[in-house]
Each structure stands twice: as C-alpha cells, then as structure tokens.
Amino acid sequence: MAYITRRAAMAVAGAAIMTLGFSGAASAQQEIKLGYALANTSHYGVAANKWEEVVEAEAGDRYSFTHFPSSGLGGEREVIEGLQLGTIEATIVSSGTLSNFVPETGVFDIPFLFRDLDHARTVLDGPIGQDILAKFSDAGLVALAWGEQGFRHITNNRNEIGGPDDVAGLKLRTMENPIHITAFETLGAAPTPMAWPEVIGALQQGTIDGQENPLSVITSAKLSEVQKYLTVSGHVYSPAMLLVSQQLWDGMSPEDQELFRKATSEAVTAMRGFVDEVETSGIAQLKEEGMEVGELTVEQKAAFQEALGGAYETYYETYSKDLIDRIIATK
Ligand code: PAF
C-alpha cells in the first residue's frame, strides 16, 4: 500500500490528466488511486484497507492501490469529478455532495428519518438503497456499495444546545448538501456550506462557530482540539458510498468486477464494525479530551423534529411522501 501527501497528489493528478490520451495503452498492472477525506486510521481508512486487501488476495499484483487519505486529492466534490474524468479510479465519500450528482440520493439525508443504525443499514442494503446505487451509471459513475459514518451531531464554540432556540444564528458549517442546508435554515441557524478541507481552518479562525459530523469523524479529525461543545443530537444519519470510475469498470473483466463487488462489500462490513465501536466509545473519549458534552433528551429531540416540520413539506415535494413513508416503515 502506498500513501501520498496532498502536494504530491496534485502532481499525480496533473500527470494523470496529461497522459489521459494514452490511458488505453496496455499495462500489466492497473493503478487504483483511492481518495478519501479522513485519516487512514478512520472508518474510511479501515474500509479502504479492507478493499485493497481483498482485491490483492485474489488478484495478486494485477491492481496496485495508492491511498490518498485526508483529502489528499481535494474535497469530495473534486474527487467525484475526478472519477467522472477518469483521472481518479476510486473513492469513499459521504453523501455530502452526492445529491448534486444523483438527486435521489438526498432522500437519505433527511433529518430524523432513520430510527437507528440497523434501520438505516436495512434500507440501504434493500431495494430502495440498491435502486439508488444503480442510478449512478447515468452520472458516469459506478456506485458499488453503501458504507456509513454514523449519526451526525453538532459541535460548536458558542454555546450549549438544548433546543432549537440555541442554534438561532449559529454559523454552522454544513456539507454542500441542499437537504441539510434546508434543515438548518428552517431551524434558524446560519448554515455555511463548505468543502471539508477548509473546515478546521475556518473553525480555528472563528469564521464559523461550529460544524456537524458523526463521532467517527469528530474523533478521527481531532475536532476536540478546535471545538468546545458537543451536542449529541443524532439529527441525521450519514451514509457513505464506495465508487469507482466508469473508465476503470469498463476496462475490467467480469471476474474482476465481481471481485471488486466482493471487496467493497467486505470493506463495508469492516467500516460498519468500526462505526459500531466508535458510537460506543466516542463520547467518553471526547469528554476525556476536554469537550463539554450534552446529550439531547427524547423531549429535546422531539422539539427539533417539530421545528423541522416546514422542511419536511419541502422534502415531501422533492422525494414524494410515499417514498419517505416507506423508508420510515421499513422494519
Ligand atoms: O462533513 C463532511 O464533509 C463529511 O462527513 C466528511 C468529514 C468529509 C467525511 O466524508
């Protein structure tokens, strides 16, 4: 396995663009540049390592993985565009910008849609989730599997949060995701969509008060160093996705395509195992690191849900009430 830093990554990406015209040339070994936003020790790294391990065990050195952790190839939107161009072969991303490529994906970003991790996993692995994966071919992408990050919680430097009034005017970084932006606007916050690589700097400089992410991200990105309050709000489930470029896929034999499906399925199992672990241990760790942690009570969560009523009207129009009800009713 090879790791590449951000500066070297830009050189690699540039070289890849320059040599695009020759990429069809016969090559014994196919390089897989695999980009993801977090450290190799995070849930993304665990999935990336398993993906590589399973492919290598069966395909030997036919494929050579180069990992670009910690946004080494840029923000998630840039990386997905790189897949479309064929300059990057593979990625693991959040649903941050996915609905800008396949709008149907956004239905899973609706706040308070899923009861718990099992509910989300059942829907994503079932017909509703698999139908959405299939739609990625229209965007020139091959979506192999749903992964996950866990439930998102709010961190900030301004105040403790116990109810919707406490987020009024809060400059909260959101993903570049219209569903999340609508939700926080409805709550009266000041959502500030921003690509992940800019977030830590913006928190340090105080241009934003806070951000929201699952415990898997808050711990692995060491947000306790730049954020004082953690509100365990679980306001939305955060899916992830494992994708490859159409160009890579079309150049593979059916046997190797099957191997990549198997490898990404095992990668998701490893990723979910990591998330289960951090959902149990993450809060204690963040308290030890000095964060002031407040867990929303059932009543406080209900107040947030009620305040989001207006946003739900928009979601019903965008995704159909029937689909949203079917997701909620899935056992
Ligand atoms: O907040 C985000 O943008 C995502 O959750 C992150 C941290 C890039 C992981 O995919």
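This structure is a prediction, so every number in the text was calculated from the model and none was measured.

(A) Region of the structure containing helix 7 (residues 178-186). Among all positions of helix 7, only Ile179, His180, Ile181, Ala183 and Phe184 are buried. Summarising the contacts, the buried residues of helix 7 are in contact with strand 5 (141-156), strand 6 (171-174), strand 7 (190-193), strand 8 (210-214), strand 9 (229-245) and helix 13 (309-319). Between a side-chain oxygen at the N-terminus of helix 7 and the backbone nitrogen of Ile179 the separation is 2.9 Å; the capping residue is Asn177. Backbone geometry just after helix 7 places Gly188 at a positive phi near 90°.

(B) Just the site of the ligand, in detail. The environment of the ligand is made up of Ala37, Tyr44, Glu76, Ser94, Gln149, Arg152, Arg173, Met175, Trp196, Asn213 and Val217. Glu76 places a polar side-chain atom, nitrogen or oxygen, 2.7 Å from an oxygen atom of the ligand. Burial of the ligand by the protein chains amounts to 99% of its free accessible area of 290 Å².

(C) Summary view of unusual backbone geometry. A positive phi angle, close to 55°, is found at Phe112, a residue other than glycine. Relative to the helices and strands, Phe112 is located in the loop between helix 4 (98-101) and helix 5 (117-125). Positive phi, normally seen in glycine, also occurs at Ser320, with a value near 80°. Position of Ser320 relative to the elements: it lies in the loop between helix 13 and helix 14 (321-329). Since its relative accessible area comes to 31%, Ser320 is described here as partly exposed.

(D) Just the packing of aromatic side chains, in detail. Scanning all chains against the criterion turns up 10 aromatic pairs. Ring geometry for Phe108 versus Trp146: centroids 5.3 Å apart, planes at 85°, classification edge-to-face. With Phe108 in the loop between helix 4 and helix 5 and Trp146 in strand 5, the pair connects residues that are 38 residues apart, well separated along the chain. What links up through ring pairs into an aromatic cluster is the set Phe108, Phe114, Trp146, Phe151 and Tyr237.

(E) Here's a closer look at the packing of helix 13 against helix 14. Direction vectors running N to C along helix 13 and helix 14 enclose 105°, while the axes themselves pass 6 Å from each other. The angle between helix 13 and helix 14 falls in the class roughly perpendicular. Contact with helix 13, carried on its side by Tyr315, Tyr316 and Tyr319, involves Lys321, Leu323 and Ile324 of helix 14 and no other residues of that element.

(F) Representation of the side chain of Asp209 in the model. In this structure, Asp209 sits in the loop between helix 8 (199-205) and strand 8. Although Asp209 lies buried, it forms no salt bridge, and the closest oppositely charged side chain, Lys171, sits 4.7 Å away as judged by the N-O distance. With near-sequence residues (within four places) excluded, Asp209 lies in contact with Thr155, Asn156, Asn157, Arg158, Gly169, Leu170, Lys171, Leu203 and Gln227.

(G) Region of interest: helix 6 (residues 127-134). What helix 6 keeps buried is the set Ile128, Gly129, Ile132 and Leu133. For helix 6, the angular spread of buried residues about the axis comes to 140°, placing them on one side. The exposed residues of helix 6 that point more than 90 degrees off its buried face are Pro127, Asp131 and Ala134. Where helix 6 is buried, its residues meet helix 5, strand 5, strand 9 and helix 14.

(H) Representation of the side chain of Glu52 in the model. As for its placement among the helices and strands, Glu52 is situated in helix 2 (residues 43-59). Lys50 is the oppositely charged side chain nearest to the buried, salt-bridge-free Glu52, at an N-O distance of 12 Å. A polar contact of 2.7 Å, which involves the side chain of Glu52, links it to the side chain of His67.

Rules and cut-offs
Along each chain, the written sequence defines residue order, and numbers are assigned to residues from 1. Confidence filtering applies because this is a predicted model: local features only for residues at pLDDT of at least 70, side-chain atom pairs given and counted only at 80 or more, and all residues used for totals across whole chains, interfaces and linings. Just so you know, side-chain values use all the structure's heavy atoms and leave hydrogens and water out. The classification of residues rests on relative accessible area computed with a 1.4 Å probe and restricted to protein chains. Under 20% of the type maximum is buried, over 50% is exposed, and intermediate values are partly exposed. Here a helix means four or more residues in a row that DSSP labels H or I, a strand means two or more in a row labelled E, and each is numbered from the N terminus. Throughout, a residue-residue contact means that at least one pair of heavy atoms, one from each residue, lies within 4.5 Å. N or O atoms closer than or at 3.5 Å make up a polar contact, with two conditions inside protein: a donor-capable atom paired with an acceptor-capable one, and, for residues adjacent in sequence, both atoms drawn from side chains. Nearness of a residue to a molecule or strand requires only that one of the residue's heavy atoms be within 4 Å of it. Each accessible area value is a Shrake-Rupley result obtained with a 1.4 Å probe; residue values ignore everything except the protein chains displayed when judging cover. Each Phe, Tyr or Trp ring (for Trp, its six-membered ring) is paired with any other whose centre lies within 6.5 Å, and the angle between the two planes then decides the class: stacked below 30 degrees, edge-to-face above 60, tilted in between. Fitted lines through C-alpha atoms give the axes, limited to the stretch in contact for helices. The angle between two N-to-C directions lies from 0 to 180 degrees. Under this scheme an angle from 65 to 115 degrees is roughly perpendicular, one under 35 degrees roughly parallel, and one over 145 degrees roughly antiparallel; angles in between are oblique. In this tally, Lys and Arg are treated as positive and Asp and Glu as negative; His is ignored, and so are the chain termini. What makes a salt bridge here is a side-chain nitrogen of Lys or Arg within 4 Å of a carboxyl oxygen of Asp or Glu, nothing more. Throughout, the arc means that of the directions going from the helix axis to the C-beta atoms.

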